[in-house]
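Fold and contact review
Below are the chains, spelled out letter by letter.
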Amino acid sequence: MGKLIFNYEKCTGCRACELACSFHKEGVFAPSKSRIKIVRIDEEGLDIPIGCEHCDNAPCITACPTRALSRNSETNAIVLNPDFCIGCKQCMVICPFGAIHYNENREIFYKCDLCDGSPECVKWCVTGGIEYYEGIEEFPRRKSADRIQHFLLNLPKSTRSIATGGGNKE
Amino acid sequence: MTFDYGGYAGKTLRIDLTKGKIIKETQSKPKLEKYLGGRGVDAKILFDELKPNINPLHSDNVLCISTGPITGLLGPTTGRINVATKSPLTDIYGNSNAGSDWGPELKYAGYDNIIIKGRAPKPVYLCIDDEHVELKDAAHLWGEGVFETTLTLQEEQRGYDTKVAAIGPAAENGVLFCSIIFNLWDAAGRTGTGTVMASKNLKAITVSGSGELRVADPERYLEIVRDGWLGVLNDPGFLMGEHQALGTPICVNWGNAQGWLPTRNFRESTFEGADSISGEEFRDKYSTRSSPIPGGRACMSCPNRCKRFGRIESGKYAGTRGSIEFEGIAAFGSKCGVSDLEAVFHAYTLSNDYGMDCVSCGNAIATFMELVEEGVLEDIDKLGLRFGNADAMVEMVHRIANKQDKLGALGALGAYKAALKIGKNAVDYTTSVKGIDTIACDPRVAKGFGFTYAISSRGSDHLRTHVVFEMIRMPPEIGKELFGSEGACDLMSYDGKVRMVLWHENLAAITDSIGSCRFMHASYYAQYPVPELLGKLRNKKEVNSIKYHDWISAATGMKIDYKKLLEIGNRIVNIERALNTRFGMRRKDDRLPKKFSKPIPKGPGKGQRFPKKQLEKMLDEYYTSREWDLKTGLIKKSELIKLDMKDVLDDLDKKKLVR
């Protein structure tokens, strides 16, 4: 059971994932054709990765009148069959994350399929803004421990610095 | 895709603002083969289309905005955008470069570059939405700050998917050093490009693109790009993590430790308050995210994320927020003797919102502070202009932007022109070369930087070479191998520095022309052949590196090897030189300000100076290598023929501007 984890606090907004995705899937560099999207909120200095969460109880599957959307039992990915898609955009409207993207030029939907269990976007993310977990059950525990560790060690402040001679700065 | 070369979008947008005409042109292939794109192509366009003697604020001035062949193609640091024009600040070649995702967006919309001429009868903005390009009324935006303008335009269009380049009210008021600001925080800062844009009644350019870009050889391209990314990620400097952790503000404490942090308008080169305006301080107090990279934000496809976003939560300057960078901190901080980071941060974002260049603005204020202290200038407006007075500094930012009162109006001219107007010996206190003030590194300590200031095509500037090579304790063997002397790795040595500058200058011209970032070949040394040499030294079997020549070849389909790459770099340096020759620049202008022949009073650089005699000696060596005339600094005919620049030669020859 794989899942993509989007860590907005680690995303720097470099959008390499968008380009890697469109190149891997379409052979071109075009953010408009990427399955993943980074929303850059410049005025607050935030970069938020948005992609398919592959929900267990997926509203997009329920909403699709032609059964163009279905789950791949091997990868857990919700995949789109373009042959069945009639372009009604119900899935796009109902998705709570805005993860399904419609391209006007091609009249086709772009939908993450987890690259058959080896997501290209993750390979190009150098900060950990997007991660892929096979054993998703482990994830909440690890994440919570990470947060506690950060809190206890006050991590951002203890980063060493060569120019000032190292050591904590407080 | 109809264009023969991969990588490029293939089209140029030509805007005639006077007539309101928009023309889409197919790119000229021979021009791209010779000058690649970005800075190179812009300089050639200016050479071909700009009347040399016009006033920079005349409607005939040409404003070029360009991307390069690898912009927006997943390579590391491919989010740069180049701007070129005749500068109102220096009256010579003006050029600046910004990083964001505006440039890539322009290419996804289908255009490599924009050439803007004329003057709109009333304020307009240029709206680019794929093939729909139009000039729209900007009456509601005129007079508004950069932030308000950007956010309004985003709201009116496609929200966060609309990328905005805007100018601020200071540019409209005619302050000579205004910037064009991309996506709120990223400035094509120097040489007054924003002032030129304002003189054309052009308030902003918005872009959104849904198109696609193809490369000539996709499989090989991906391999080369992956190698490039790994080259950066495995660079010893990158692995150290300092620059990633703090962004460029790392340089405050670093420069202070090495003794090149300009302090009180270059009176000294170490600052007792460095700690309190440092990158560490900014991270600890104002960064907005608690992650391994607090507040770090990146340009398109960049692993380095050198921008730092922060916010002041309480106190006098509560609400101040924005991206911050080293040059601005030094300009308002150590150069003005101000150790209050909140005031510095505030002045910095104010300057951005007004649309002014932080560096020139801070330098103007620092120069005035010194002139007042030395009794050359009277503090007519009773601001208490003294080094260290943060309130006076912040007040001056407002006054300069609005040209308010006597000092504000003076400051709006930039330090150099203001000093000329003040008269007496005021010019001796400026740090300007070719009319533009010096950035935040003391050239008396960093000799390679110093020499760069003297020869830079846009005046006192480090980015034409960015010879960080001398600062980072590179193994001396590499200096010997590449530049013929171990001295190249020694900050305060003159040995090997000319050759070092030459290599960096040629490569920097390439970086700016293809749309990549300086940090990849100079700062981090991920560009061939440095990683290979380092690998050999350390007996590493596998080495990753950026190879611009392979990279451009695979993207475009041109055939470029390392030797040809450096030749193109050389050609770009020469076209800029040709342009400046027309603007009257000669050997006498390749100089350093008087200030730098005086020794530094204290710190690690104590006693260091940059003597005129030494500079002349280095210029001789530099001109000889470049094949420029030793006496005048004019380019030699033989060099232009060798570089296949016959058209440039013919033009210069007619005006007797070659030797």
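Thresholds applied
- Residues numbered from 1 in each chain as written.
- Chains lettered and ligands numbered in written order.
- Predicted model: local features only at pLDDT ≥ 70, side-chain atom pairs only at ≥ 80, totals over all residues.
- Heavy atoms only, no water.
- Pairing = 2+ DSSP bridges.
- Helix = DSSP H or I, 4+ residues; strand = E, 2+ residues; numbered from the N terminus.
- Axes fitted to C-alpha atoms, helices over the stretch in contact; angles between N-to-C directions.
- Contact = heavy atoms within 4.5 Å.
- Buried < 20%, exposed > 50% of the residue type's maximum accessible area, 1.4 Å probe, protein only.
- Buried area = accessible area lost by both parts, 1.4 Å probe.
- Salt bridge = Lys/Arg side-chain N within 4 Å of Asp/Glu carboxyl O.
- Polar contact = N/O pair within 3.5 Å; in protein donor to acceptor, adjacent residues only side chain to side chain.
- Nonpolar A, V, L, I, M, F, W, Y, C, P; charged D, E, K, R; others polar.
- Parallel < 35°, antiparallel > 145°, perpendicular 65-115°, else oblique.
- Domains from an automatic or database assignment.

**Remarks on the sheet that holds strand S9 (residues 163–166) of chain B**
Residues and elements named next belong to chain B. Spatially, S8-S7-S12-S9-S10-S11 is the arrangement adopted by the six strands of the open sheet, whose pairing is mixed. The strands lining the two open edges of the sheet, one partner per strand, are strand S8 (132–137) and strand S11 (186–188). This sheet shows a mean twist of 20° between the axes of neighbouring strands, independent of strand direction. For S9 and strand S12 (residues 202–208), the ladder comprises four bridges, and the chain directions are antiparallel. Paired with Lys 163 across the two strands is Val 207, which belongs to S12. Where helix H3 (residues 102–109) meets the sheet, its contacts fall on strand S7 (124–129), S9, strand S10 (180–182) and S12, and the angle it forms with S12 comes to roughly 65°.

**Digging into the pairing of strand S6 (residues 113–117) of chain B**
All names here are of chain B. Within S6, four of the five residues are buried, which leaves it mostly tucked inside the rest of the structure. As judged from the five bridges shared by strand S1 (residues 11–16) and S6, these two strands associate in the parallel manner. Each residue of the ladder has a partner; that of Thr 12, found in S6, is Asn 113. Pairing of strand S3 (residues 63–66) with S6, which is carried by four bridges, proceeds in the antiparallel orientation. Note on S6: the bridge partner recorded for Leu 63 is Ile 116.

**Quick word on the interface of chain A and chain B**
A common way to state how big an interface is: give the accessible area lost once the parts meet. Each partner contributes to the interface: chain A provides 43 residues, whereas chain B provides 57 residues. Summed over both sides, the interface between chain A and chain B buries roughly 4,400 Å², with carbon and sulfur atoms accounting for 56% of that surface. Ranking the residues of chain A by area buried against chain B places Phe 29, Glu 43 and Trp 124 of chain A at the top, with a combined share of 17%. The interface formed by chain A and chain B includes nine salt bridges. The tally of links from chain A across to chain B stands at 13 residue pairs in polar contact (both at pLDDT 80 or more). For the side of chain A that touches chain B, the class distribution of residues is 19 nonpolar, nine polar and 15 charged.

**Thoughts on the packing of helix H2 (residues 38–49) of chain B against helix H20 (residues 497–514) of chain B**
Residues and elements named next belong to chain B. Where H2 contacts H20, the axes come no closer than 4 Å and their chain directions differ by 90°. As far as their axial angle goes, H20 and H2 are roughly perpendicular. Counted together, Gly 38, Arg 39 and Gly 40 of H2 and Ala 508, Ala 509, Asp 512 and Ser 513 of H20 form the full contact between these two elements.

**A few points about the domain arrangement of chain B**
Residue and element names in this part refer to chain B. Assigned domains within chain B: domain 1 (11–208), domain 2 (248–429) and domain 3 (447–527 + 561–628). On a C-alpha basis, the centroid separation for the pair domain 1 and domain 2 is 26 Å. Tallying the contact residues gives 34 residues for domain 1 and 30 residues for domain 2. In total, about 2,400 Å² of surface goes out of reach between domain 1 and domain 2, with carbon and sulfur atoms giving 58% of it. Area buried by domain 1 at its contact with domain 2 is led by Phe 177, Trp 185 and Arg 190, which between them contribute 30% of it. Between the two partners, domain 1 and domain 2, sit three salt bridges. A salt bridge links Asp 186 to Lys 307; the nearest nitrogen and oxygen atoms lie 3.1 Å apart. In this assembly, domain 1 and domain 2 are joined by 17 residue pairs in polar contact (both at pLDDT 80 or more). The element contributing the most residues to the side of domain 1 that touches domain 2 is helix H5 (residues 169–172), with three residues. Looking at the side of domain 1 that touches domain 2 residue by residue, the class counts come to 18 nonpolar, 12 polar and four charged.

**Section: the pattern of salt bridges**
A side chain of one charge can pair with a side chain of the opposite charge if their charged atoms are brought near each other. All names here are of chain B. Under the defined criterion, the tally for this structure stands at 74 salt bridges over all chains. Between Glu 576 and Arg 39 there is a salt bridge, with its nearest N and O atoms 2.7 Å apart. Here Arg 39 lies in helix H2 and Glu 576 lies in helix H23 (residues 562–582), a separation of 537 residues in the sequence. Accessibility assignment for this pair places Glu 576 and Arg 39 in one class, buried. With a shortest N-O distance of 3.3 Å, Lys 642 and Glu 627 are connected by a salt bridge. Highlighted residues: Lys 642 in helix H25 (residues 637–642) and Glu 627 in the loop between helix H24 (612–626) and H25, separated in sequence by 15 residues.

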